[in-house]
Amino acid sequence: MRPNDFMLGMAYALLAAVALAATPCLAGTISAELDHNEGGVGEPFVLTVAIEGAREGEPTIPQVDGLEFHQQGVSESTSWVNGQRSAQLQIGLVVVATKPGRFTIPSIKAKVDGQEVATLPLTLQVGADATGQAQNQSPNQAQNQAQSAAPNQSAPNAAGGNAKKQNANQNQAKDDGGKTGGVFLDRTCDRLDPYVGEQVLCTIHLYHRGNLNGGQRLMPSSPDFRRFPIDGEKRAQKLVNGQPYIVIELKEVVVATKPGPLTLPPYTIDARILTWTKRRNPIDKFFNNFGGGAFNFDMNFTEEQEVNLKSEPAEFAVKPLPQSGKPPGFSGLVGNFQLDTHLSQAKVTAGNTVTITITLSGAGIADSLGDVVPDLEKIGKVYPDKPEYTEKVVDPSGIVSKRVYKYALVPANPGNFDLGKVEVPVFNPHLQQYTILTSELGHLIVDPSKAEAKSLVVGQQAQLPGTKKEDVKVLGSDLVDIHHGPSLSKQHTITRSLVFILSLTGTFPASCAFLIFGVQSLRRRSEGDTVGKRRSRAYKVFKSELQAAQVQVAAGHVETSLLAAYAALRTYLGDKLNLHGQSLAAREVEELLRRLGGKEEDLQRLVQIIKTLEQVDFGGKLPPLTTASELVADLDRLVLGLEHA
Amino acid sequence: MMTTKLTNVLRCSLLASCLAWLTTTQTTAQTMPLATNGDPNALASSANQAFDAGDLIKATQDYEQLLGQGIVNGHLFYNLGVAYFRAGRLGDSVAAFLGARRYLPRDPDNAANLRFVLGKVHDKLEAQLPATTTGHVAAWLEHFSELELAWTASLLAALWGTALLLTALRPALQRWRLSVALSVVLPIAALAAFLTRQAMPDAWGAVVQAEAKIYSGPGKQNTQLFALQEGAPVLITERAAGGYYRVKLSDGKQGWVADNQVRLFGPL
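So, how was this worked out
Residues numbered from 1 in each chain as written. Chains lettered and ligands numbered in written order. Predicted model: local features only at pLDDT ≥ 70, side-chain atom pairs only at ≥ 80, totals over all residues. Heavy atoms only, no water. Helix = DSSP H or I, 4+ residues; strand = E, 2+ residues; numbered from the N terminus. Buried < 20%, exposed > 50% of the residue type's maximum accessible area, 1.4 Å probe, protein only. Contact = heavy atoms within 4.5 Å. Areas by Shrake-Rupley, 256 points an atom, 1.4 Å probe, with all protein chains shown as cover. Core = buried A, V, L, I, M, F, W, Y, C linked by side-chain atoms within 4.5 Å. Salt bridge = Lys/Arg side-chain N within 4 Å of Asp/Glu carboxyl O. Expected span 1.5 Å × (residues − 1). Arc of directions from axis to C-beta. Polar contact = N/O pair within 3.5 Å; in protein donor to acceptor, adjacent residues only side chain to side chain. Nonpolar A, V, L, I, M, F, W, Y, C, P; charged D, E, K, R; others polar. Phe/Tyr/Trp six-rings, centres within 6.5 Å; stacked < 30°, edge-to-face > 60°. Lys NZ or Arg CZ within 6 Å of the ring centre and 35° of its normal. pLDDT = per-residue confidence, 0-100. Patch = residues over 30% accessible without salt bridge, like charges linked within 9 Å, V, L, I, M, F, W, Y side chains within 5 Å. Pairing = 2+ DSSP bridges. Axes fitted to C-alpha atoms, helices over the stretch in contact; angles between N-to-C directions.

Before going further, it helps to spend a moment on the overall build of chain B. If you tally the helices and strands in chain B, you get eleven helices and seven strands. The 268 residues of chain B split such that 44% are buried. At a minimum sequence separation of 6, the contacts of chain B that also span at least 24 residues come to 60%.

Turning our eyes to something else, we now look at the overall build of chain A. Helix and strand counts for chain A come out as eleven helices and 30 strands. Across the 645 residues that make up chain A, the buried fraction comes to 42%. Considering only contacts in chain A between residues 6 or more positions apart, those separated by 24 or more positions represent 70%. Of the roughly 34300 Å² of accessible surface on chain A, a fraction of 52% belongs to carbon and sulfur atoms.

With that out of the way, let us pick up the nonpolar core. With 40 residues, the main nonpolar core has B:Y63, B:V94 and B:V117 as its most contacted residues. When residues of this core are traced back to their parent elements, those giving at least two are α2 (40-52), α3 (56-68), α4 (74-86), α5 (90-103), α6 (108-118) and β1 (204-207) of chain B. When sequence neighbours within four positions are dropped, the list of residues in contact with B:Y63 reads A:I482, A:L488, B:A47, B:N48, B:F51, B:L76, B:N79, B:L80 and B:A83. Formed by 33 residues, the second largest nonpolar core is a distinct cluster that contains A:A538, A:Y539, A:V553 and A:L606.

The next subject is the pattern of salt bridges. Summed over all chains, the structure comprises 26 salt bridges over all chains. Between A:D224 and A:K258 there is a salt bridge, and its shortest N-O distance comes to 3.0 Å. In this pair, A:D224 sits in the loop between β14 (212-218) and β15 (225-240) while A:K258 sits in the loop between β16 (243-256) and β17 (260-264), placing the two residues 34 residues apart along the sequence. You can call A:D224 buried: its relative accessible area is 14%. Where salt bridges share partners, they join B:E64, B:R89, B:D92 and B:R263 into one cluster.

Residue and element names in this part refer to chain B. Taking 1.5 Å per residue, 13 residues should reach 18 Å; α2 reaches 18 Å between its end C-alpha atoms and fits that length. Taken together, the buried positions of α2 are occupied by P40, L43, A44, A47, N48, A50 and F51. Mapping the buried residues of α2 onto a view down its axis gives an arc of 160°, with all of them on the same face. Capping the start of α2, D39 holds a side-chain oxygen 3.2 Å from the backbone nitrogen of N41, two or three residues further along.

This part takes up the interface of chain B and chain A. Counting residues at the interface gives 64 residues for chain B, matched by 41 residues for chain A. Counting across the chain B and chain A interface gives one salt bridge. Close ionic contact of A:D478 with B:R86 constitutes a salt bridge, the shortest N to O distance being 3.0 Å. If you look at where chain B meets chain A, you find 18 residue pairs in polar contact (both at pLDDT 80 or more). Of all the elements in the fold, those that place two or more residues in the side of chain B that touches chain A are α1 (2-34), α2, α3, α4, α5, α6 and α9 (146-169) of chain B. Looking at the side of chain B that touches chain A, its residues break down into 37 nonpolar, 19 polar and eight charged.

So, about the packing of aromatic side chains. Residue and element names in this part refer to chain A. The final tally for this structure, using the stated rule, is 15 aromatic pairs over all chains. Chaining the aromatic ring pairs together yields one cluster made of Y195, F330, F427 and Y434. For the cation-ring pair, K319 lies above Y195, with the distance from its terminal atom to the ring centre recorded as 4.5 Å.

Our next topic: the confidence of the model for chain B. On average, residues of chain B score 84 in pLDDT, and 84% of them reach the 70 mark or higher. Here residues 23-37 of chain B is modelled with pLDDT under 50, and outside its nearest four sequence neighbours on either side it reaches eleven contacts, counting other chains as well.

What follows concerns a nonpolar patch on the surface. All names here are of chain B. Nonpolar side chains collect at one region of the surface, where L166, L173 and W176 lie side by side and expose about 280 Å² of accessible area between them. Secondary-structure assignment places W176 in the loop between α9 and α10 (177-182). Taking the relative accessible area as the measure of exposure, W176 reaches 47% and is therefore partly exposed.

Residue and element names in this part refer to chain A. Strand order in the open sheet formed by three strands is β2-β10-β7, and the pairing between neighbours is mixed. Of all the strands in the sheet, the pair left with one neighbour each is β2 (38-40) and β7 (101-105). The mean angle between the axes of side-by-side strands here comes to 30°, regardless of whether they run parallel or antiparallel. Where β2 meets strand β10 (residues 122-127), three bridges bridge the pair, whose relative direction is parallel. Within β10, the position partnered with G40 by the bridge is G127.

Glycine aside, residues mostly have negative phi, and peptide bonds are mostly found in the trans state. Residues and elements named next belong to chain A. You will see that Q432, though not glycine, has its phi angle at about 55°, which is positive. Mapped onto the secondary structure, Q432 falls in the loop between β28 (421-428) and β29 (433-440). The class of Q432 is partly exposed, set by a relative accessible area of 44%.

Okay, structure coming up:
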């Protein structure tokens, strides 16, 4: 338990004790009053009996010959004023006289705060019929008084089924047996015989005595009426039969969609009202909960309750729009409207755009109005924009709507054009006749376009004196003729066969090129292999041929031996360098030997040997056998050196 | 000796292949129209004559018979567009001219007629998407048909291949081989252009009924978004099962419409 809660609980307990102690000191009172004391037979008089204080038992209602007493409701409340508890009881009674005469309602007695208290006697003057008296009062007044006399119940039926007497323009909440906590509403419509499409303003009054804690308007839909709530509300205080009431004034606009007898559904509000509750008496609650650990003191003595408030449905006799005088092209527009037109510019170049704005505005609903485009095709192309529509529901005009049409006109030819006028037929319910709203679009001056102007200047320069040239007037436009020449049967799509052809076309030459490149590459590789093979076996061939030369030397055949050795050397060089070795001259052999590299002294020796062999080959000058033998041996050694180099 | 022989054999093979290819191409090209039933050329001639004689019903029937043979031809669509308009079928006419535009993108007659019939359409719509959507390159490519771009790519590739072939066969031209090899970017660019053009949405059709309801999904159970009047041009982007086209308008609106309310010339 929190200390603050404990202290608060103790404070409430102290207050309650003081209040309880003070209660017996208060003196109880009783009062009775009639809403009026003159009337006719059958007319309801509302008698209100109010008791303040702690009563013992119920008050006794007296019996009077010629008067009937009908109890309609009881209201009981408890309040705390300056820490003192005060209990109030209000009993609503409807008194109906069954015969004319002067009647006295005797004192009504009750025991309050331990004392016997009584009201003063009341006097009633009842005439022969109700009408004489009722004529002095407005029906509204009578009803309001009846309602206020029994605030816990709604009044009209408290008047004993006299609801039928009410003004046809007004309908009020039905008695709901006191369930609405004295909160009720009524609705009044300006007129009940409007034309189809005419807007009717209805005013709703919501009465309460400060116990309305909020609510929500409900707008039951109806196929017969379009309903438009008006935002905002007015508040006022009103004394109804001496009782102060807070009156909230709401408004709605209704528009009948078809003619005939139609019923406007009730105006409905889901209201939240505050009612007294004993169960939440803070003292009881305190003592009930004390020690239970809750200490949940609650000073809210009231309980919120949701109630559904309804007015009576309203009966309308909706008149159809008159057939006589209905202009052609009438689209069903009803209201009081104005028509306005505007050109964005009065002068324009051919081919450029001028915007025509047509505005229809006024009281009424214009959402269903169709196109109002003027006939401008003869001047140029017309491009309509989507019409804009706005609608406001304002007090007291009702629905004020505005419909704006915009057309982009692109004049084709230069000239001065009368754009004509726009006409919109409308039915004015106030005048009860059809009118045609008319607005002139005015004139449009179309200058030649730059290209045309240029050609005109050229034409003017070229024209001969005395001749007058004019533009070629366009008299009409049409399609270009059909195509006769081209084939209509040739496929323009990419078929599979065409894909094949295109692929083949595109890739065939390149494929051939790549094929040739491949073949050439293979061939080069094959040739390269042959040269390499020849080069690798050059020394082997040389050795075998040189062996033959050595055999000849050993046998003493110097010439044969040296010629064979020379041939072996040339074959070796040919194989090594991929040449025709046997056709090499001595100088070429020397050059090739230098290309193969090797030691300089070896090369010198080789050159010397080659010169000797050349002399043998062409000069027939043979060296001695020993020299030949050394020469062959040196050749073998030198070529081996070349091979290693 | 051997090298000369090999070169000669290669040259002979190349010549033989070229001849075989030409023969195949010509044969395929000639047999394509004959794959349809009847004589399309005679039918086309008959349709044109009927149109010239003012017999719009017969002309339209003959043109449509050609359509029924599976022929997709820009001039056929164009002639049909003219015939439809003369017969008072605005929606069909717009659809036919839009179809012809796919295959004759630079045809001035078709462009003029399309402008003319679109001027008669109630809805304020264009027959092309805004340039910001398609991009400048794509807008430029719209001046060419897919067929033209395909032939361009194919011929450029053939030229490039031929040049490469010459550098292979003529040793004197070998020094140009690198330049020729680098010029492969031309046929590749043409191929890219063709593929881009093929991927671009260009299946424009038109509403052929007095009013077509556009829904948020393929089916009447979906929310109706808006309605289009006869002749309104729509870009068809998709076809759903149940007979509904997904359409896009030039102002960016999208939705689904029953396929019997919109007509498209040519494949989707």
